[in-house]
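One-letter residues, chain by chain:
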Amino acid sequence: MLIKTILTFALSLSVLSCYADSGQSESKPLIDTQKKIQSSAQGNSQSSQPNAFPNANAVESEQDKNAKEKPSMVDYCRKHPC
Amino acid sequence: MKMKFFQVVAMTIAVNCANFAFAAPHWSHDEQATWWEIEDTSKDLPMKYPFATCGVGQHQSPIDLATAKFDNTRKLNKLQASYPIDSAPIFFNSGHGIQVNTSNNYKGEIKIGEESYPLIQFHFHEPSEHVINGKPFAAELHYVHIGNDGRIIVVGAAIDIGAENPTFQTVLDNVPHEASGQKTDANITINPASLLPASLDPNDLDFYSLAGSLTTPPCSEGVQWYLLSQVITISAAQLEQLKSFYSDNARSPQNINGRTLSSTK
């Protein structure tokens, strides 16, 4: 029970960081959630840049990343029951 | 108050930060009550517990259908299964069940309204995972679909003992018996649709639908379930053959936690 409580607390911290990044609470597809986490990490690393708006390359890079998400999920479900 | 906090945190974790453990630690159906506490010793918190959602998730699958309230106020999209013959299926023993992976260029899909979700694989559980009033069916078939947006749609069909199913026999005869074994044979094709009764109209399937999760670790939520109203049949001998691979590879029913069931009936 103690482990479960600690675990819940630790995971809740990660949730708070998700909220801080996304600012929304509605249910999303699983891959979208992963994308959100990844893009928030990407956003943090870019925060020191003067221009806060994404440029064309950044958008393209994000699309590439998104396109790579589906195959990983497909691969997972081909190796596991899902 | 404490319980409510726990529920809110758990639901938020599950819905917003669900994550797949792509290199998952070992698990088995025998220890399903403690899936949540299986550790990945190579990771730090919170990923140290990759299956935590199995314990703290609030939209877990399977369920006892009799415990769910029906909400028939929602207009449901039509469910259309288009599963042509796959000329190069991969018969796979996942170590937890028997499974058929579709080939990379397979065009089979499920259509829900205007959205299409390609069929990635189908697999079997014995006995069924979804139950009614605590009573399981002999087995259960899950068609797993993944959309371009990553959304997972599982179409489930309860399996009863009855007429032999020739397509199921093809599966039984070709899945290797050793865990992680897989087989492809240029001479063996499979028609996933022919597992379903011929009387079913694949362009207008009757179903029960609810939000749920994967029924195996990491028990990730955000999975939409469509449970077909009509059962399919296999023979008693086929059930025994299925059990010779894996028996009792079903997760127990999970708390409904206020979810409602929609139905076309």
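Cut-offs used in this document
- Here the residue numbering is sequential within each chain, running from 1 through the sequence in written order.
- Here the convention is simple: chains get letters from A, ligands get numbers from 1, in the order in which they are written.
- Local features in a predicted model are, by the rule used here, given only for residues with pLDDT of at least 70; side-chain atom pairs are given and counted only at 80 or more, and totals for whole chains, interfaces and linings are based on all residues.
- For side-chain calculations, the full set of non-hydrogen atoms in the structure is used, while hydrogens and water are omitted.
- Numbering of helices and strands runs from the N terminus, with a helix taken as a DSSP run of H or I at least four residues long and a strand as a DSSP run of E at least two residues long.
- A simple rule labels every residue: compare its accessible area, found with a 1.4 Å probe on the protein chains alone, to the largest value its type can have, and call it buried under 20%, exposed over 50%, or partly exposed in between.
- Each accessible area is a Shrake-Rupley result for a 1.4 Å probe, and residues are judged covered by the shown protein chains and nothing else.
- By definition here, a salt bridge exists when the distance from a side-chain nitrogen of Lys or Arg to a carboxyl oxygen of Asp or Glu is within 4 Å.
- Here, nonpolar core means buried Ala, Val, Leu, Ile, Met, Phe, Trp, Tyr and Cys residues that are tied together by side-chain atoms lying within 4.5 Å of each other.
- Contacts between residues were defined by any pair of non-hydrogen atoms, one from each residue, lying within 4.5 Å.
- By convention in this document, the label disulfide applies to cysteine sulfur atom pairs within 2.5 Å.
- Arc definition: it is the arc formed by the directions from the helix axis to the C-beta atoms.
- pLDDT measures how confident the predictor is about each residue, on a scale from 0 to 100.
- Here an angle of 0 to 180 degrees is reported between the N-to-C directions of two axes, which are lines fitted to C-alpha atoms, with helices fitted over the stretch in contact.
- Angle categories: roughly parallel below 35 degrees, roughly antiparallel above 145, roughly perpendicular from 65 to 115, and oblique for all the rest.
- Should the near helix be turned anticlockwise from the far one by less than a right angle, the crossing is termed left-handed; should it be turned clockwise, right-handed.
- Note on residue classes: Ala, Val, Leu, Ile, Met, Phe, Trp, Tyr, Cys and Pro are nonpolar, Asp, Glu, Lys and Arg are charged, and everything else, Gly too, is polar.
- By the criterion applied in these results, polar contacts are pairs of N or O atoms within 3.5 Å in which, for protein atoms, one can donate a hydrogen and the other can accept it, and in which residues neighboring in sequence qualify only through two side-chain atoms.

Novice: Can you lay out the overall build of chain A for me, pointing to particular residues and giving the numbers?
Specialist: For chain A, the helix and strand inventory stands at 3 helices and 0 strands. For chain A, the N- to C-terminal ordering of α and β elements is α-α-α. Out of the 82 residues in chain A, the part that is buried amounts to 33%. Of the roughly 5000 Å² of accessible surface on chain A, a fraction of 57% belongs to carbon and sulfur atoms.

Novice: Report on the pattern of salt bridges, specifying residues and quantitative values.
Specialist: Proximity of charged atoms lets side chains of opposite charge pair with each other. All names here are of chain B. Taken as a whole, this structure holds 5 salt bridges over all chains when the rule is applied. With its nearest N and O atoms 3.4 Å apart, the salt bridge here joins E39 to K48. Taking the shortest distance from any N to any O, the salt bridge between D40 and K43 comes out at 3.4 Å.

Novice: Tell me about the nonpolar core, residues and numbers included.
Specialist: Residues B:I98, B:F122 and B:F124 are the most contacted members of the largest nonpolar core, which totals 40 residues. Beyond its immediate chain neighbours, meaning those up to four positions away, B:I98 contacts B:F92, B:F122, B:H123, B:F124, B:F168, B:V171, B:L172, B:V175, B:L242, B:F245 and B:Y246. Membership of the second largest hydrophobic core comes to 20 residues, among which are A:Y76, B:L65, B:A68 and B:I120.

Novice: Break down the state of the cysteines for me, with residues and values.
Specialist: One pass over the structure, following the stated rule, counts 2 disulfides over all chains. Here A:C77 is linked by a disulfide to A:C82, with a sulfur-sulfur distance of 1.9 Å. Note on the A:C77 and A:C82 pair: the S-S dihedral is about -85 degrees, so by sign convention the disulfide is left-handed. Accessibility assignment for this pair places A:C77 and A:C82 in one class, buried. Covalent S-S linkage joins B:C54 and B:C219, the inter-sulfur distance amounting to 2.0 Å. Taking the torsion about the S-S bond as the criterion, the B:C54 to B:C219 disulfide, at about 90 degrees, is right-handed. In this pair, B:C54 sits in helix α2 (residues 53–56) while B:C219 sits in the loop between β12 (207–213) and β13 (221–228), placing the two residues 165 residues apart along the sequence. There is no split in this pair, since B:C54 and B:C219 are both buried.

Novice: A description of helix α4 (residues 236–245) of chain B should follow, citing residues and the corresponding values.
Specialist: Turning to α4(B), its buried residues number three or more, namely B:Q238, B:L239, B:L242 and B:F245. With its buried residues spanning 105 degrees around the axis, α4(B) presents them on a single face.

Novice: Any details on the environment of B:A186? Residues and values, ideally.
Specialist: Residue and element names in this part refer to chain B. Tracing the chain through its elements places A186 in the loop between β11 (182–183) and β12. A residue is classified by how much of its surface remains accessible, and A186, at 76% relative accessible area, is exposed. When the C-alpha positions of A186 and S87 are compared, they lie 7.4 Å apart, and in sequence the two are 99 residues distant.

Novice: Can you lay out the confidence of the model for chain B for me, pointing to particular residues and giving the numbers?
Specialist: All names here are of chain B. On average, residues of chain B score 92 in pLDDT, and 91% of them reach the 70 mark or higher. Residue range residues 1–19 is modelled with pLDDT below 50. Its contacts to residues more than four positions away, or to other chains, number 41 contacts. In the predicted complex, the global pTM is 0.77; the interface-specific ipTM is 0.86.

Novice: Please give an account of the packing of helix α3 (residues 166–174) of chain B against α4(B) that cites residues and values.
Specialist: All names here are of chain B. Following both chains from N to C, one finds α3 and α4 inclined at 30 degrees, their axes separated by 10 Å at the closest point. Viewed along their axes, α3 and α4 adopt a mutual orientation that is roughly parallel. Crossing geometry of α3 relative to α4 is assigned as left-handed. Listed contacts from α4 to F168, Q169, L172 and D173 of α3 are Q238, Q241, L242 and F245. Grouping the constituent residues of the contact of α3 with α4 by class yields 4 nonpolar, 3 polar and 1 charged.

Novice: Could you give an account of the environment of B:S247, with specific residues and numbers?
Specialist: Residue and element names in this part refer to chain B. By secondary structure assignment, the location of S247 is in the loop between α4 and β15 (260–263). Assessed through its relative accessible area of 38%, S247 is described here as partly exposed. Spatially, the C-alpha atom of S247 lies 32 Å from that of I112, the residues being 135 residues apart in sequence. A distance of 2.9 Å separates a polar atom in the side chain of S247 from a polar atom in the side chain of E126.

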